[in-house]
Amino acid sequence: MAINKWWGHDPNERYWLEITNREDIGTNLLAPQANDRGEEYWSYALVREVRPGDLVLHWDKNYGPGVVGYSHVRAEAFASTITWQSRGTYGRKRGESRPEAAWEAPLGGYRRLKHPVTQARIREIEPRIRALRDRLTEEVGSPIYFPFALSDARPVRAAQGYLTKLPRALVEELPELRQLRQTAISEPHEPEAADLPPVSLPKPRRSTGYGRQRDAKRRQAVERYAMDLVLSHYRSLGYEVEDVGDHSPWDITACKNGAEIHVEVKGSTTTREAIDLTEGEVRHAEGVPTCLVVIDQIELGDDLHCHGGRWRTWSGWAPAREELVATAYRYPLPEGGHEGRPWA
């Protein structure tokens, strides 16, 4: 089956919606390779299209209905089997369930949303959903494998299918999904206005060297401000402190009465529901008790002067591997590269 991979050119289009009544949400994506008629079906075939690091939202038909949580894809999809019985007319004709060929993609790091996105909430923004669907269809063609069914006869509801493609612009329409937006970004950044929804589907923009330089200065100012706050705090508690971030996989060493604390510090001007970690930071926290301090909502002026901020602290912090989401890859270059500029 040919799939219209309209999302393929945009690394930020990393969202999918599983529509299900299963009890083991977040375990995997699992769908037959053919429908009850023995034909390929787009909503099952989409399981083959997910990639490691993609975010899968889960629409639970049993409890809500609505989006109750999310997981990330841990590996490429592969051929598997499923024992499954469709509830439709063709499914009843097929009789007793039996193992059949399936597509499976493993999931990890399932988390329930702090604020589930209910069907009632989706219906509140139905006009915006319609407009978004129409703009996207005009831009990329059809089908777009939209997650919601829209008609003049009935209110908006989940699509009839299993897996659907959830457009990034739709995720950004819902403040309840801020955590997902921050988890799925392909490159760490500190946006000027992080929480404003787009007015239309954005197109990739070419950045300039000046913009990158200014962003780096802003980021450094925020990071330095957060570090200074945490250093001052531990000093006020009688600790001897050292900034070790330049040569260690943690930021601050604090010592008092023979006890040593390692502190990881993250600062941000936005409201943070996810943070960026290096492999070194993860490995260190796995092996040594670490205190994580996140200071977000920092106010940053045009003169790069910072003030304010909200503190949150996790003592004895160790990130669970299954909850880490890949936002970038390191690729060893193969042999055979041609030295010099590309040939015409």
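Every chain begins its residue count from 1, and numbering advances along the sequence as written. Residue-level local features of this predicted model are given only where pLDDT is at least 70; pairs of side-chain atoms are given and counted only at 80 or more, and the full residue set underlies all totals for whole chains, interfaces and linings. Only hydrogens and water are set aside; all other atoms, that is, all heavy atoms of the structure, feed into the side-chain values.

(A) Representation of the packing of aromatic side chains in the model. Here is the rule: rings of Phe, Tyr and Trp (six-membered ring for Trp) pair when centre to centre is within 6.5 Å. Planes less than 30 degrees apart are stacked, more than 60 are edge-to-face, and the remainder are tilted. Applying the stated rule across the entire model yields 8 aromatic pairs. Relative to Tyr-44, the ring of Tyr-41 has its centre 4.9 Å away and its plane inclined at 85°; by these criteria the two rings are edge-to-face. By relative accessible area, which is 23% here, Tyr-41 ends up partly exposed. Here's how the labels work: a residue is buried when its accessible area is under 20% of the maximum for its type, exposed when over 50%, partly exposed in between, all with a 1.4 Å probe on protein chains only. Overall, Tyr-44 belongs to the buried group, its relative accessible area being 10%. Among the aromatic residues, ring-to-ring pairing joins Trp-6, Trp-7, Trp-16, Tyr-41, Trp-42, Tyr-44 and Tyr-145 into one connected group. Each ring is checked for a lysine NZ or an arginine CZ that lies within 6 Å of its centre and within 35 degrees of its normal; such an atom marks a charge sitting over the ring. Over the ring of Trp-16 we find Lys-165, and its NZ or CZ is 5.5 Å from the ring centre.

(B) A look at the pattern of salt bridges. Put simply, a salt bridge is a Lys or Arg side-chain nitrogen that is within 4 Å of an Asp or Glu carboxyl oxygen. For the structure shown, the criterion picks out 25 salt bridges. A salt bridge links Glu-176 to Arg-121; the shortest N-O distance between them is 2.6 Å. Pair noted here: Glu-176 is in the loop between α5 (168–171) and α6 (178–184) and Arg-121 is in helix α3 (residues 119–124), with a separation of 55 residues, a long-range link. Exposure remark for Glu-176: the relative accessible area of 22% places this residue in the partly exposed category. On the basis of relative accessibility, which here comes to 18%, the residue Arg-121 falls in the buried class. Measuring nitrogen to oxygen at the nearest pair gives 3.0 Å for the salt bridge that ties Asp-228 to Arg-224. Placement of the pair is Asp-228 and Arg-224 together in helix α7 (residues 209–236), with a separation of 4 residues, close to one helical turn. Put simply, DSSP marks the helices as runs of H or I at least four residues long and the strands as runs of E at least two long, and each gets a number from the N terminus on.

(C) Broad picture of unusual backbone geometry. A cis amide bond, omega 0°, links Ser-142 with the succeeding residue Pro-143. A positive phi angle, near 60°, is found at Tyr-145, a position not held by glycine. Mapped onto the fold, Tyr-145 is located in the loop between α4 (126–140) and β7 (148–149). Looking at Tyr-145, the relative accessible area reads 6%, which means it is buried. The phi torsion at Gln-297 lies on the positive side, around 60°, for a residue other than glycine. For Gln-297, the location among the structural elements is in the loop between β13 (290–296) and β14 (299–300).

(D) Region of the structure containing α4. One less than the number of residues in a helix, times 1.5 Å, gives the span that helix is expected to have. Spanning 15 residues, α4 covers 21 Å between terminal C-alpha atoms, matching the ideal 21 Å at 1.5 Å per step. Looking only at α4, the buried set comprises Glu-126, Ile-129, Leu-132 and Leu-136. Down the axis of α4, the buried set is contained in an arc of 120°. They therefore lie on one face. Across α4 from its buried face, at more than 90 degrees, point the exposed residues Pro-127 and Glu-138. Tucked inside the fold, the buried residues of α4 contact α3 and α5. The arc in question is traced by the directions running from the helix axis to the C-beta atoms. Pairs of residues are marked as contacts when any of their non-hydrogen atoms sit within 4.5 Å.

(E) The arrangement of the confidence of the model for the protein chain in detail. In this model, the protein chain carries a mean pLDDT of 87, and residues with pLDDT of at least 70 account for 87%. What pLDDT reports is the predictor's confidence in each residue, on a scale of 0 through 100. Taking the mean pLDDT of every element in the protein chain, the minimum, 49, falls on helix α2 (residues 89–94) and the maximum, 98, on strand β9 (residues 163–165).

(F) Structural view of the sheet that holds strand β16 (residues 310–317). DSSP bridges decide pairing: two strands pair if at least two such bridges lie between them. Ordered by their spatial adjacency, 5 strands build an open sheet running β10-β11-β12-β13-β16, and the pairing between neighbours is mixed. The sheet is open, and its two edges are formed by β10 (240–243) and β16, each paired on a single side. Within the sheet, the average angular offset between the axes of one strand and its neighbour, ignoring direction, is 25°. What counts as an axis is a line fitted to C-alpha atoms, over the stretch in contact for a helix, and the angles between N-to-C directions run from 0 to 180 degrees. Sitting on the sheet, helix α8 (residues 279–287) touches β12 (259–267), β13 and β16, and the angle it makes with β12 is about 145°.

(G) Inspection of the environment of Arg-128 at higher detail. When you line up the elements, Arg-128 lands in helix α4. Separated by 42 residues in the primary sequence, Arg-128 and Leu-170 place their C-alpha atoms 8.8 Å from one another. Whenever two N or O atoms come within 3.5 Å, that pair is a polar contact, provided that in protein one can donate a hydrogen and the other can accept it, and provided that, for residues adjacent in sequence, both atoms are side-chain atoms. For Arg-128, the side chain forms a polar contact with the side chain of Glu-173, separated by 2.8 Å.

(H) The nonpolar core, seen in detail. By nonpolar core is meant a set of buried Ala, Val, Leu, Ile, Met, Phe, Trp, Tyr and Cys residues that side-chain atoms within 4.5 Å join together. By size, the foremost hydrophobic cluster in this structure holds 50 residues, and its most contacted members are Leu-29 and Leu-57. In terms of residue count, the dominant contributor to this core is strand β6 (residues 99–118) (5 residues). When sequence neighbours within four positions are dropped, the list of residues in contact with Leu-29 reads Glu-18, Arg-22, Val-47, Val-50, Val-56, Trp-103, Glu-104, Ala-105, Leu-107, Tyr-162 and Leu-163. Counting residues in hydrophobic clusters, the runner-up holds 19 residues, among them Ala-221, Ala-226, Val-263 and Ile-298.

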